[in-house]
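One-letter residues, chain by chain:
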Amino acid sequence: MKILVDENMPYAQTLFSRLGDVQAVPGRPIPREALLGADALMVRSVTKVNADLLTGTGVKFVGTATAGTDHVDEAWLAAQDIGFSAAPGCNAIAVVEYVFSALMILAQRDGWQLRDKTVGIVGVGNVGSRLQARFEALGVKTLLCDPPRAARGDAGPFWPLEKLVAEADILTFHTPLYKDGPYRTQHLVDAELLAALPDNRVLINACRGEVVDNAALLAALNGGKVLSTVLDVWEPEPDLSLPLLRAVDIGTAHIAGYSLEGKARGTTQVFEAYSRFLGQPHAVPLETLLPVPDVSEVTLNGSLVAHLDEGTLLRLMHLVYDVRRDDAPLRRVAGIPGEFDKLRKFYQERREWSSLCIQCDDEATAALLTRLGFTARLR
Ligand SMILES: NC(=O)c1ccc[n+]([C@@H]2O[C@H](COP(=O)([O-])OP(=O)(O)OC[C@H]3O[C@@H](n4cnc5c(N)ncnc54)[C@H](O)[C@@H]3O)[C@@H](O)[C@H]2O)c1
Ligand SMILES: O=C(O)[C@H](O)[C@H](O)COP(=O)(O)O
């Protein structure tokens with residue numbers, strides 16, 4: 001059995017070799033000759049999986065170690081009776097921690113406090129709902145927009161996007177990319193939305209580049225719109241607009257989800273799915289794969305809760321992950337062919353807040369840190 005895996009999939013060799021012979025290949029593009037004779041294909045979001053890629057190959061199962069699936073023609077796979085699995089939610093925590101880091105940096109730079117802001121979350125799935133839970137833990141007001149969930153009767157309240165545009169200080173997008181249909185998200189942020197957005201707001205896109213009309217955003221920023229902008233994803237990738245990168249406050253190379261935990265969950269989720277597909281189910285506990293983090297324990301003296309100290313919180317968050325470490329390298333190499341993908345391929349190890357154990361002497365502080373996703377212990 002031959003299993004092709006994207007070379008940027010940590011732990012794939014270790015896990016998939018339990019099921020067959022593993023060959024690691026570049027994902028953009030996958031070499032055609034490698035596909036011939038392959039039984040299964042494990043990709044990331046950079047590989048377009050469709051008839052063009054797979055016709056004439058013997059591939060019977062495709063896994064994508066990603067949350068987004070817009071790069072996969074699922075209908076075609078189903079029609080060919082090719083098994084498929086994604087990795088829903090695998091990197092949701094990483095994206096949440098990216099968003100927090102970005103917001104805390106802007107708050108510090110511009111002299112505001114997160115707790116005084118209203119955050120509009122567009123797309124309240126794995127990422128959006130975790131984001132909302134952490135904002136709630138901090139007492140930050142959120143407004144949610146998720147028309148598919150609203151139509152399903154899920155508990156909200158869910159609001160129309162227009163209300164978020166009018167009332168939220170921060171708008172953060174976490175929807176899938178839908179190019180058509182009733183819930184189309186392509187260019188959800190367009191010239192009209194940008195014109196309706198009052199000045200001094202924050203816009204974050206960490207879902208898919210095409211959800212924001214990048215040309216319209218650049219025109220708005222060039223036209224004097226006062227908008228703090230955080231973009232992890234671009235239209236198009238990897239050839240992002242250099243003027244837009246210069247105009248945004250924080251810009252990164254589609255790495256919001258790139259914690260080691262997030263990538264490892266992605267690999268284990270598709271490995272487990274493929275093993276079930278083969279009728280040889282395996283379960284892989286994440287902790288059996290992950291190394292000890294560089295910084296694993298700190299002591300916090302005093303209460304974080306008595307008067308919520310966002311400065312201390314920022315320092316704790318940034319002990320684990322500070323998004324500026326990803327903004328600077330993109331600005332250095334953007335525009336040089338191949339460098340966007342290199343930043344992603346040779347990504348410096350990044351952990352999630354849960355990897356940091358914070359010793360506290362106050363029960364309420366420990367409870368807050370736990371709700372935020374850190375590991376907290378009472379001394
Ligand atoms: N930058 C990154 O590294 C990174 C990492 C993970 C996910 N993503 C992207 O972010 C997206 C969201 O991730 P997730 O794990 O939360 O996915 P998810 O599928 O769990 O949640 C998406 C949510 O968006 C909602 N939605 C769909 N259409 C909408 C619309 N028109 N308006 C508002 N909401 C709508 C859905 O109902 C769902 O609740 C993924 O599809 C993926 O494309 C990017
Ligand atoms: O959809 C996702 O899960 C993310 O966008 C994904 O993590 C992006 O990383 P890639 O698959 O391109 O390595």
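Residues numbered from 1 in each chain as written. Chains lettered and ligands numbered in written order. Predicted model: local features only at pLDDT ≥ 70, side-chain atom pairs only at ≥ 80, totals over all residues. Heavy atoms only, no water.

**Structural notes on the packing of helix α6 (residues 126-137) against helix α16 (residues 363-372)**
One can describe the packing of α6 onto α16 by two numbers: an axis separation of 8 Å at closest approach and a directional angle of 165°. One element, α6, and the other, α16, form an angle in the roughly antiparallel class. The way α6 lies across α16 gives a crossing that is left-handed. Residues Arg134, Glu136 and Ala137 of α6 form the contact with α16, whose own contacting residues are Leu368, Arg371 and Leu372. (Axes fitted to C-alpha atoms, helices over the stretch in contact; angles between N-to-C directions. Helix = DSSP H or I, 4+ residues; strand = E, 2+ residues; numbered from the N terminus. Parallel < 35°, antiparallel > 145°, perpendicular 65-115°, else oblique. Left-handed = near helix turned anticlockwise from the far one by under 90°. Contact = heavy atoms within 4.5 Å.)

**A few points about the site of ligand 2**
If you check the shell around ligand 2, you find Arg44, Ser45, Val46, Thr66, Ala67, Gly68, Asn91, Arg208, His254, Tyr258 and Arg344 and nothing else. The contact in question runs from an oxygen atom of ligand 2 to an N or O atom on the side chain of Arg44, over 2.5 Å. Within the backbone of Ala67, an N or O atom sits 2.6 Å from an oxygen atom of ligand 2. Out of a free accessible area of 350 Å², ligand 2 has 93% covered by protein chains. A molecule is said to occupy a pocket when more than half its atoms come within 2 Å of that pocket's grid points, and by this definition ligand 2 occupies the largest pocket. When its residues are assigned to classes, the shell around ligand 2 shows three nonpolar, five polar and three charged. (Near = heavy atom within 4 Å. Polar contact = N/O pair within 3.5 Å; in protein donor to acceptor, adjacent residues only side chain to side chain. Areas by Shrake-Rupley, 256 points an atom, 1.4 Å probe, with all protein chains shown as cover. 1 Å grid on protein atoms, 1.4 Å probe; cavity = no way out; pocket = protein on both sides within 12 Å on 5 of 7 lines; lining within 4 Å. Sits in = over half its atoms within 2 Å of the grid points. Nonpolar A, V, L, I, M, F, W, Y, C, P; charged D, E, K, R; others polar.)

**A word on the pairing of strand β4 (residues 61-64)**
Looking down a regular strand, the side chains alternate between one sheet face and the other. Residues Phe61 and Gly63 point to one face of β4 and Val62 and Thr64 to the other, with burial holding for every one of them. Sheet topology note: the strand β3 (residues 40-43)/β4 ladder contains four bridges and is parallel. Its bridge partner being in β4, Val43 is matched across the sheet by Thr64. Where β4 meets strand β5 (residues 83-85), three bridges bridge the pair, whose relative direction is parallel. Bridge pairing in β5 links Gly63 to Ser85. (Buried < 20%, exposed > 50% of the residue type's maximum accessible area, 1.4 Å probe, protein only. Pairing = 2+ DSSP bridges.)

**Some thoughts on the domain arrangement of the protein chain**
When cut into domains, the protein chain gives domain 1 (2-86 + 259-288) and domain 2 (92-251). Spacing between the C-alpha centres of domain 1 and domain 2 amounts to 30 Å. The interface is formed by six residues belonging to domain 1 together with six residues belonging to domain 2. For the pairing of domain 1 and domain 2, the buried interface totals around 470 Å² over both sides, and the portion due to carbon and sulfur atoms is 46%. Of all residues in domain 1, Arg28, Asp70 and Arg265 give up the largest surface area on contact with domain 2, accounting jointly for 72% of the area buried on that side. Connecting domain 1 to domain 2 are one salt bridge. Taken together, domain 1 and domain 2 are joined by one residue pair in polar contact (both at pLDDT 80 or more). Class assignment for the residues of the side of domain 1 that touches domain 2 results in no nonpolar, three polar and three charged. (Domains from an automatic or database assignment. Buried area = accessible area lost by both parts, 1.4 Å probe. Salt bridge = Lys/Arg side-chain N within 4 Å of Asp/Glu carboxyl O.)

**Focus on the sheet that holds β4**
A sheet is described by the order of its strands in space; here five strands give the open sequence β2-β1-β3-β4-β5, paired in parallel fashion. Either end of the sheet is taken by a strand with one partner, and the two such strands are β2 (21-25) and β5. Each strand of the sheet is rotated relative to its neighbour by a mean of 15°, with strand direction disregarded. Where strand β1 (residues 2-6) meets β3, three bridges bridge the pair, whose relative direction is parallel. Paired with Val5 across the strands is Met42, a residue of β3.

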